[in-house]
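# A closer look at the structure
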Amino acid sequence: MEPLYQTKMNCICCETIFTTSRVRPSFKKAMSMDSDFCGYYRSEANPDYYVVRVCPTCGFATTENGTQRLTERQKKDYHTQIGTRWTMCDYGGERDAAGAMKVYKLGLLSAQAIGEKQRVIAGILHHIAWLYRYESNQQEEQRFMRFALQAYIKVFEEEGSELNNAKLMYLIGELNRRTGELNEAVKWFSRIVGDKRIMDAAMIRKSREQWQLIREQLNSGQPVSSGESEGDSPVQTTA
């Protein structure tokens with residue numbers, strides 16, 4: 001059985017019907033996974049490569065978690081910022097790492113153009129960081145993890161306290177840890193462990209594990225990153 005199958009999509013921007021590839025569920029099991037949920041799969045069937053769907057006609061790119069309908073203002077904003085420069089290109093077939101990077105950055109630009117929800121933007125930024133991790137490009141991985149961290153914090157400020165989202169809090173703690181902000185990481189992990197309202201046993205356990213890892217990092221004297229450089233912004237990203 002082939003790992004990919006085709007599915008039809010209706011572009012919410014220009015209403016074109018197009019096809020895009022998805023990975024069959026039986027091929028989605030990760031061989032291993034990092035502490036921030038970055039999965040490692042057989043190279044020919046990495047489902048992360050196929051999260052973003054791109055309309056070949058207008059170039060609008062989104063994910064299944066993105067908005068399901070655009071206002072006329074959002075369509076105009078997209079066309080003004082991106083659509084007028086789009087040259088028809090079909091990303092509906094098999095993708096390699098380079099192709100996946102292109103569609104994620106198209107997804108990021110599209111999301112920014114229409115004012116997409118921060119939760120969706122955070123996920124795209126985090127996935128781009130994973131793609132750079134696959135390439136062992138630590139500088140760009142760190143840069144996009146910091147962008148994702150900023151976006152996740154905005155999500156928490158806007159909706160996290162209402163949702164009591166332990167996984168979101170954990171990701172904020174873990175991305176702080178991975179970008180060298182160990183004191184901030186400890187604050188988030190300790191909030192998860194100490195909040196009696198949180199019943200997510202898996203996130204509580206992982207938070208304890210990462211808290212212990214930070215203690216080991218500090219005891220070993222490993223260097224700590226100074227954080228994001230002033231003025232850096234994901235809006236500067238180009239597809």
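Everything numeric in this text was worked out from a predicted model, so none of it was measured.

For the rest of this paragraph, the subject is the pairing of strand 1 (residues 4–10). Looking at chain direction, strand 1 and strand 2 (residues 17–23) are connected through seven bridges and run antiparallel. Paired with Y5 across the strands is R22, a residue of strand 2. Counting the residues in the hairpin turn of strand 1 and strand 2 gives six residues, including E15, whose phi is positive at 70°.

Despite not being glycine, E15 has its phi angle at roughly 70°, a positive value. In this fold, E15 is placed in the loop between strand 1 and strand 2. Using a relative accessible area of 59% as the deciding quantity, one classes E15 as exposed.

The space that makes up the largest pocket amounts to roughly 870 Å³. Secondary structure elements with two or more residues in the lining of the largest pocket: strand 2, helix 3 (118–134) and helix 5 (166–178). Per-element accounting of the lining of the largest pocket gives the leading share, seven residues, to helix 3. Considering only residue class, the lining of the largest pocket consists of 16 nonpolar, seven polar and nine charged.

This part is about the environment of S207. Here S207 is to be found in helix 7 (residues 201–220). C-alpha separation for the pair S207 and E174, spaced 33 residues apart in sequence, amounts to 8.4 Å. When sequence neighbours within four positions are dropped, the list of residues in contact with S207 reads Y170, F189, I192 and V193.

Counting residues in hydrophobic clusters, the biggest one holds 55 residues, and the most contacted among them are V54, L125, I128, F144 and Y152. M9, C13, C58 and L109 belong to the second-largest nonpolar core, a separate cluster that totals 13 residues.

In total, this model carries 15 salt bridges according to the counting rule given. Of the charged contacts in the structure, one is a salt bridge between R178 and D36, with a shortest N-O distance of 4.0 Å. Here R178 is found in helix 5, whereas its partner D36 is found in the loop between strand 3 (32–33) and strand 4 (39–40), with 142 residues between them in sequence. Overall, the relative accessible area of 22% leaves R178 in the partly exposed class. A residue is classified by how much of its surface remains accessible, and D36, at 0% relative accessible area, is buried. With a shortest N-O distance of 2.7 Å, E141 and R133 are connected by a salt bridge. Assessed through its relative accessible area of 11%, R133 is described here as buried. Each of D34, D36, R133, E141, E174, R177 and R178 takes part in a single network of salt bridges with overlapping partners.

Basis of the calculations
- Residues numbered from 1 in each chain as written.
- Predicted model: local features only at pLDDT ≥ 70, side-chain atom pairs only at ≥ 80, totals over all residues.
- Heavy atoms only, no water.
- Pairing = 2+ DSSP bridges.
- Helix = DSSP H or I, 4+ residues; strand = E, 2+ residues; numbered from the N terminus.
- Buried < 20%, exposed > 50% of the residue type's maximum accessible area, 1.4 Å probe, protein only.
- 1 Å grid on protein atoms, 1.4 Å probe; cavity = no way out; pocket = protein on both sides within 12 Å on 5 of 7 lines; lining within 4 Å.
- Points joined across faces, edges and corners; volume = space filled by probe spheres on them.
- Nonpolar A, V, L, I, M, F, W, Y, C, P; charged D, E, K, R; others polar.
- Contact = heavy atoms within 4.5 Å.
- Core = buried A, V, L, I, M, F, W, Y, C linked by side-chain atoms within 4.5 Å.
- Salt bridge = Lys/Arg side-chain N within 4 Å of Asp/Glu carboxyl O.

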